[in-house]
Amino acid sequence: MSDGPVGVGLLGLGTVGSAVGRAFADRSRRIDAAAGRPVKLVAAAVRDAQKPREAGDVPVTTDPHSILEDPEIAVVVEVIGGTDPAGELVHGALENGKHVVTANKELVAKDWNALHESARHARRELRFEAAVAAAVPVVAGMRTLGAVRPRVLRGLLNGTTTYICSRMEAGSSFEEALAQATAAGYAEADPSNDVDGHDAAYKLAILISILEGRHYHPDNVRRTSLRGVAAGGFSAAAARAARIRYLAVADFGDRATKARVGPEEVPADSLEGQAAGPMNVITLESDLVPRLVWSGPGAGGDATASAILGDVIAIARARG
Ligand code: NAP
Ligand code: HSE
């Protein structure tokens, strides 16, 4: 990149992509000032060009490869989700000399080695702060902890399940709570990824991979679905001054790291017990630093766009 404008292309213009589009429309001066140069949203690829959207005035195309081939675009932001066609597009973007920013935790968690190798080979950046805990800078935070021996990582990594638990303890049914989480833009396109724990397992695997400096495959995370918790389970927990939350836990033993996600009881007055809505909480215990805690909004268009734009700005600054 020269020190001229940095062109950005979006793959996907759904909940997250539209929030990125609106941010470019609303606050381009702030983004340019943070980047130290103009940053311009050039185009976005979608499936259905006729769908009404609130995404600023970005031109849309149904040909994602045109984004990869556009010489005006230096940074490709992938917010399609899933592995196909997102994987092929991300690898293609790197091969075409684009930097990549993605919110796609499934792709990053499963394809960790090949993606990092593609980026290294292309000498381009691959950034994914938005893939874990949305606005909460926990990917960056974990990267600063290379010298510590982690002991336990524990927390709430999925906003939809925290939302469902907090609504069900207030009397909503599972179906009502899930419908509200979907309407708010917190749930995955297929919400079984949230309630059956795939999403939390991908995020936990990414954090373990960063802390251990090698790929930890999400298939190694033991998953228990939230669906097994009946409404009565929430009132029974309340009677014990407890709450049910969808916990993600990694135990870094001497020999092997054991990881699990699933519904567990936590004290009602704990950080996890107090969390409601799409709040994420991540606590890391290690040898050099006894306890570090991150928390904040872990799902939703604007919260995720904040992390994506942070990555875009970092690339624009570093590559100036
Ligand atoms: P979404 O609302 O389902 O949006 C997906 C977008 O991708 C849509 O605009 C869709 O086009 C487009 N798309 C799908 N297939 C395509 C194809 N073959 N070619 C071009 N465009 C295609 O999903 P989202 O909630 O924005 O999530 C996107 C990613 O961000 C996922 O990886 C998700 O896990 C991650 N994420 C989401 C959140 C959140 O709170 N929602 C937070 C953090 C990370 P149409 O609009 O035309 O259908
Ligand atoms: N579906 C995800 C969640 C979006 O509820 O946490 C944020 O990654």
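Everything quoted here is computed from the prediction, not taken from an experiment. (Residues numbered from 1 in each chain as written. Chains lettered and ligands numbered in written order. Predicted model: local features only at pLDDT ≥ 70, side-chain atom pairs only at ≥ 80, totals over all residues. Heavy atoms only, no water.)

(A) Region of the structure containing the site of ligand 2. Near ligand 2 the following residues occur: K105, N158, G159, T160, Y186, A187, E188, D194, D199, K203, G298 and A299. At 2.8 Å, a side-chain N or O of K105 approaches an oxygen atom of ligand 2. Side-chain polar atom of E188 to a nitrogen atom of ligand 2: 2.7 Å apart, as the coordinates give it. For ligand 2, whose unbound accessible area comes to 260 Å², protein coverage reaches 93%. Taken together, the elements giving at least two residues each to the shell around ligand 2 come down to α8 (159-168) and α11 (198-212). (Near = heavy atom within 4 Å. Polar contact = N/O pair within 3.5 Å; in protein donor to acceptor, adjacent residues only side chain to side chain. Areas by Shrake-Rupley, 256 points an atom, 1.4 Å probe, with all protein chains shown as cover. Helix = DSSP H or I, 4+ residues; strand = E, 2+ residues; numbered from the N terminus.)

(B) Broad picture of the sheet that holds strand β9 (residues 242-252). Taken together, the six strands give an open sheet; going across it, the order is β8-β10-β9-β7-β11-β12, and neighbouring strands pair in mixed fashion. Edge positions in the sheet fall to β8 (221-223) and β12 (292-297), since each of these pairs with one other strand and no more. Adjacent strand axes in the sheet meet at a mean angle of 20° when their direction is disregarded. Relative to strand β10 (residues 257-267), β8 runs parallel, the two being bridged by three bridges. Bridge pairing links R222 to R260 in β10. Strands in contact with α8 are β7 (150-156), β9 and β11 (279-286); relative to β9, the strand with the most contacts, it is inclined by about 150°. (Pairing = 2+ DSSP bridges. Axes fitted to C-alpha atoms, helices over the stretch in contact; angles between N-to-C directions. Contact = heavy atoms within 4.5 Å.)

(C) Examining the domain arrangement of the protein chain more closely. As assigned here, the protein chain comprises domain 1 (6-134 + 302-318) and domain 2 (138-298). Using only C-alpha atoms to locate each centre, domain 1 and domain 2 end up separated by 26 Å. Counting residues at the interface gives 15 residues for domain 1, matched by 23 residues for domain 2. When the two sides are added together, the surface that domain 1 and domain 2 hide from each other amounts to roughly 1600 Å², 67% of it contributed by carbon and sulfur. Considering only the surface of domain 1 that becomes buried against domain 2, K105, W112 and V132 emerge as the three largest contributors, covering 36% of it. Where domain 1 touches domain 2, the interface holds two salt bridges. Across the pair K105 and D199 runs a salt bridge, and its minimum N-O distance is 2.9 Å. Secondary-structure elements contributing two or more residues to the side of domain 1 that touches domain 2 are α5 (105-110) and α6 (112-122). (Domains from an automatic or database assignment. Buried area = accessible area lost by both parts, 1.4 Å probe. Salt bridge = Lys/Arg side-chain N within 4 Å of Asp/Glu carboxyl O.)

(D) Expanded view of the pattern of salt bridges. What the rule picks out here adds up to 17 salt bridges. In this structure, R127 engages D311 in a salt bridge whose closest nitrogen and oxygen atoms are separated by 3.1 Å. Remark: D311 occurs in helix α14 (residues 301-318) and R127 occurs in strand β6 (residues 126-127); sequence separation between them is 184 residues. For R149, the salt bridge identified is with D287, shortest N-O distance 3.2 Å. Placement of R149 in the loop between α7 (138-143) and β7 and of D287 in the loop between β11 and β12 is noted, with a sequence separation of 138 residues between them. Where salt bridges share partners, they join K105, E188, D199 and K203 into one cluster.

(E) Seen up close, the site of ligand 1. With respect to spatial proximity, 25 residues lie near ligand 1, and among them D48, K51, R53, E188 and G300 are the closest. The backbone of L13 places a nitrogen or oxygen atom 2.8 Å from an oxygen atom of ligand 1. Residue V16 places a main-chain N or O atom 2.9 Å away from an oxygen atom belonging to ligand 1. A breakdown of the residues in the shell around ligand 1 according to their chemical character gives 11 nonpolar, eight polar and six charged. (Nonpolar A, V, L, I, M, F, W, Y, C, P; charged D, E, K, R; others polar.)

(F) The arrangement of the side chain of E125 in detail. Assignment of secondary structure puts E125 in the loop between α6 and β6. If sequence neighbours within four positions are ignored, E125 has contacts with L94, H99, V100, I315, A318 and R319.

(G) Region of interest: unusual backbone geometry. In this chain, D84 is followed by P85 through a cis amide linkage whose omega measures 15°. One can find P85 in the loop between β4 (75-78) and α4 (86-95). The phi dihedral of R123 falls on the positive side, at around 55°, and the residue is not glycine. Among the structural elements, R123 can be located in the loop between α6 and β6. In this structure R123 comes out as exposed when scored by relative accessible area, which is 66%. Of note, the phi angle at A134 is positive, near 45°, even though the residue is not glycine. Here A134 lies in the loop between β6 and α7. (Buried < 20%, exposed > 50% of the residue type's maximum accessible area, 1.4 Å probe, protein only.)

(H) Molecular detail of the sheet that holds strand β5 (residues 99-102). An order of β3-β2-β1-β4-β5-β6 is seen for the six strands of this open sheet, with the pairing classed as parallel. Edge positions in the open sheet fall to β3 (60-61) and β6, since each of these has one partner strand only. Those strands touched by α14 are β1 (6-11), β2 (39-45), β4, β5 and β6, and its axis lies near 165° from that of β5.

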